[in-house]
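# Close look at the chain arrangement
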Amino acid sequence: QVQLVESGGGLVQSGGSLRLSCAASGSIFSVYVMGWYRQAPGKERELVATITDGGTTNYAESVKGRFTISRDNAKNMVSLEMNSLIPEDTAVYLCNYNIRRSLWSPRLEVWGQGTLVTVSS
């Protein structure tokens, strides 16, 4: 079974920075897309950023220019550098991997439990 564990969340003042990381455990043959999503209280889960195994990135308009996603393929880790944080960024941030557990297994989605980011004004 593959598990993802996020770290790096916390409380930060508006204008501050945080770095989130996501580590995987378990048997993984390949990780295709890695991503970060967030869910604020009373709102739908939304995409924050994704990065493919080729390094192509995609960002939500609301975080472009402030957040940077990166990945370490050797460690199956993904990080999210968040700068110029604003109160609207307050949410639980979850990492997501699109993986294959073996050469013959189908692709599947794996989610972490999430880490809380709170930005005070």
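See above for the structure.
Now for a description of the structure that goes with this document. (Residues numbered from 1 in each chain as written. Predicted model: local features only at pLDDT ≥ 70, side-chain atom pairs only at ≥ 80, totals over all residues. Heavy atoms only, no water.)

## Observations concerning the nonpolar core
Counting 31 residues, the largest nonpolar core has W36, V78, L80, M82 and Y93 as the members making the most contacts within it. At the level of elements, β3 (18–25), β4 (30–39), β5 (46–51), β7 (67–72), β8 (77–82), β9 (91–100) and β11 (115–120) are the ones that each hand at least two residues to this core. With five residues, the top contributor of residues to this core is β9. Among all residues touching M82, those that are not within four sequence positions of it are G16, S17, L18, L20, R66, F67, Y93 and V117. (Core = buried A, V, L, I, M, F, W, Y, C linked by side-chain atoms within 4.5 Å. Buried < 20%, exposed > 50% of the residue type's maximum accessible area, 1.4 Å probe, protein only. Helix = DSSP H or I, 4+ residues; strand = E, 2+ residues; numbered from the N terminus. Contact = heavy atoms within 4.5 Å.)

## Here's the deal with the sheet that holds β3
One open sheet accounts for four strands, arranged β1-β3-β8-β7; its pairing is antiparallel. The open sheet is flanked by β1 (3–7) and β7, the only strands paired with a single partner. Strand-to-strand twist of the sheet, defined as the mean angle between neighbouring strand axes without regard to direction, takes the value 15°. Alignment of β3 against β8, held across five bridges, turns out to be antiparallel. The residue bridging R19 from the neighbouring strand is E81, located in β8. (Pairing = 2+ DSSP bridges. Axes fitted to C-alpha atoms, helices over the stretch in contact; angles between N-to-C directions.)

## Here we look at the packing of aromatic side chains
Across all of its chains, the model carries one aromatic pair by this definition. It is R45 that lies over the ring of W111; its NZ or CZ is 4.5 Å from the centre. When the ring centre of Y32 is taken as origin, the NZ or CZ atom of R107, which lies over that ring, is 3.5 Å away. (Phe/Tyr/Trp six-rings, centres within 6.5 Å; stacked < 30°, edge-to-face > 60°. Lys NZ or Arg CZ within 6 Å of the ring centre and 35° of its normal.)

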